[in-house]
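Below are the chains, spelled out letter by letter.
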Amino acid sequence: MFALITSGVLALSFVLVTVLKYKFTAKKKCLLGRHVMVTGGSSGIGKCIALKAAKIGANVTIVARNENRLRSALEEIKGQCLNSDQKFNYLSVDLAGDYNMVKTTFNKAIDEMGPLYLFINCAGMAICGTLEDVSTNDIMKMINTNLISTIQATKAIVNEMKQNGYGSIVITSSLASFCGIYGLSVYSATKFALRGFAEALSMETKNFGVKVTLALPPDTDTPGYANESKDKPLETLLISETAKLFTPEEVGRQILQDTLDGRFFSTVGFEGHIMTISCAGMAPYTSYLELICQVFCAGILRLITVYYQSTFDKIIKKCKFDREHSKTNKT
C-alpha cells in the first residue's frame, strides 16, 4: 500500500512540476540582439548554453582561463549564429584572481557588446576523494573555482544590472547542494554555499527587476565529469550510477529555458524534481502551483529521499566490507 501511495505522489508531483514548467511560467524573454555572458563557456554545459543563445540571436561573450579553448569554442558558437548582425567575444581571465582585473575585463566587454541581459555562471570543477585523501591544494582549488569565481564574477556585474533594471543571473550549483555525497565532501560544501548565495542574491536583486536562477544539474557527460570519474572512490562511482547521466546539451537547454521563464530552480531528471520539492526550504517560488506542489508533496517525498539515503548507505557499507574481507584473505 505504501508503495502505491508513494508511486501516486511521485507521479502527481512529476506531472505538477511539468505543468508548471511549461504552462504557468512567466512570459519568455527574447534574446534577439541581447548580450549573454557565460563563464565556463569554453566547454561543457557553459558552451552548450552559449551555442543555444547564439542560435536564437544573442550576442555572446564566453569567459574562461584557457585562451586556446576559448578561441576554438567561439568559432563553434559563431557557426550557430542566427544572423550576421550578432557579435561574439571571449575573455581569458582568472575569475578567482584579482577582482579589479575581473571587473575591468568585464567592463570592457560590456562597453563593446552592450548591456548584460543574461549572466550565466558555469565555471566549476570536482575533485573526488574522502576528506582525508583530498589535498589542501585541491580543497582550495575547488573553493576558488566553484565559489570564489562565481561570487567575484557576479559582484563585477550585479550593480550595473540592477541599475539597468532588467536581466537574469544564473548561479550553477548542483544537486549536491541538496545532498552531500560520499567522496564529494568539499565539492558538496561549495555547492551548498552557492545555493545560499543564490537565495540571498535573489532577495537583493528582485526589486530591481533582476531575476536569479539556481541551476542544479545532475551528473552530466562533460569533459570535467570524465576527468573527475578517473579518481572517484568506488562508493562515489556506484552511487552516481543509481541516477541517469545527462548530456550537456540537455542540461544547457533546460537552464536557458528556465532562466528565460524566470524560474528560480532549474533542474532536469526525476531526482532533480524530487529534490527541489522536498528541499525547497526558504527558496523563492515561481508560481502558486509550484508552491502548492512543495507544500503537499514535501512530506512523502522526504520518505523517498530517506530511501535513497538508505540505498547509498548500503553501497558504502558493502564497499567497506569487501575491502576488509579482501585484506583478510590477503593476510
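Note that the structure is predicted; figures quoted are calculated from it, not measured. (Residues numbered from 1 in each chain as written. Predicted model: local features only at pLDDT ≥ 70, side-chain atom pairs only at ≥ 80, totals over all residues. Heavy atoms only, no water.)

**Q** Would you explain the overall build of the protein chain in this entry?
**A** Helix and strand counts for the protein chain come out as 11 helices and seven strands. Considering only C-alpha atoms, the protein chain reaches an extent of 65 × 50 × 35 Å along its principal axes. Among the 331 residues that make up the protein chain, the fraction classed as buried is 50%. Relative to all contacts within the protein chain whose residues are 6 or more apart in sequence, the contacts with residues 24 or more apart total 74%. (Helix = DSSP H or I, 4+ residues; strand = E, 2+ residues; numbered from the N terminus. Buried < 20%, exposed > 50% of the residue type's maximum accessible area, 1.4 Å probe, protein only. Contact = heavy atoms within 4.5 Å.)

**Q** Explanation requested: the side chain of T236 in the structure shown.
**A** Looking at where T236 falls in the secondary structure, it is placed in helix α8 (residues 234–240). Classification of T236 as buried rests on a relative accessible area of 0%. Residues within four places of T236 in sequence aside, it is in contact with Y182, G183 and L184.

**Q** What am I meant to see in the nonpolar core here?
**A** Side chains that are nonpolar tend, in soluble globular proteins, to be buried together. In this structure, M37, F106, F119, I157, I169 and I171 are the most contacted members of the largest nonpolar core, which totals 33 residues. Of all the elements in the fold, those that place two or more residues in this core are α4 (99–113), β4 (116–121), α5 (136–164), β5 (168–172), α6 (185–205) and β6 (211–215). It is α5 that provides the largest number of residues to this core, a total of six residues. When near neighbours in sequence (up to four residues on either side) are disregarded, M37 contacts T61, V63, L91, F106, A109, I110, L116, L118, F119 and I120. In this structure, A64, L74, L118 and I120 belong to the second largest nonpolar core, which totals 30 residues. (Core = buried A, V, L, I, M, F, W, Y, C linked by side-chain atoms within 4.5 Å.)

**Q** Would you take a moment to explain the sheet that holds β5 for this structure?
**A** Across a sheet, strands are paired by hydrogen bonds formed along the backbone, either parallel or antiparallel in direction. Across the sheet, which stays open at both edges, the seven strands sit in the order β3-β2-β1-β4-β5-β6-β7 with parallel pairing between neighbours. The sheet terminates laterally at β3 (88–92) and β7 (265–266), the two strands that pair on one side only. Pairing of β5 with β6 involves five bridges; the strand directions are parallel. Across the sheet, the residue bridging to I169 is V212, located in β6. (Pairing = 2+ DSSP bridges.)

**Q** What is the right way to read the pattern of salt bridges from this model?
**A** Side chains carrying opposite charge are able to pair once their charged atoms draw close together. According to the stated counting rule, one finds 11 salt bridges in the structure shown. The closest approach of N and O atoms between R71 and E67, which form a salt bridge, is 3.2 Å. With R71 and E67 both in helix α3 (residues 67–78) and four residues apart, this pair spans about one turn of that helix. By relative accessible area, R71 is classed as partly exposed at 41%. With a closest N to O distance of 2.6 Å, K320 and E324 form a salt bridge. Here K320 pairs with E324, and both are found in helix α11 (residues 288–330), just four residues apart, close to one helical turn. Shared partners join several salt bridges into a network, and the residues in it are D258, R263 and E290. (Salt bridge = Lys/Arg side-chain N within 4 Å of Asp/Glu carboxyl O.)

**Q** I would appreciate a short explanation of the state of the cysteines in the present structure.
**A** Should the sulfur atoms of two cysteines be covalently bonded, the bond is a disulfide. Inspection of the entire model under this criterion finds zero disulfides. Free cysteine C122: the closest other cysteine sulfur is in C48, separated by 9.5 Å. (Disulfide = S-S within 2.5 Å.)

**Q** What should I look at first to understand the packing of aromatic side chains in this one?
**A** Any aromatic ring pair is given by two values, namely how distant the centres are and how the planes are angled relative to each other. Taken as a whole and assessed by the stated rule, the structure comprises seven aromatic pairs. An angle of 70° between the planes, with centres 5.9 Å apart, marks the rings of F178 and F265 as edge-to-face. Of this pair, F178 sits in the loop between β5 and α6 while F265 sits in strand β7, and the two are 87 residues apart along the sequence. A single burial state applies to F178 and to F265, both of which are buried. Ring plane angle 70° and centroid distance 6.2 Å describe the contact between Y307 and Y308, whose orientation is recorded as edge-to-face. Exposure remark for Y308: the relative accessible area of 25% places this residue in the partly exposed category. Through successive ring pairs, a cluster of aromatic residues spans F178, F264 and F265. A cation over an aromatic ring shows up here: R34 above the ring of Y166, its NZ or CZ 5.6 Å from the ring centre. The ring of F208 carries K162 above its face, with NZ or CZ at 4.6 Å from the centroid. (Phe/Tyr/Trp six-rings, centres within 6.5 Å; stacked < 30°, edge-to-face > 60°. Lys NZ or Arg CZ within 6 Å of the ring centre and 35° of its normal.)

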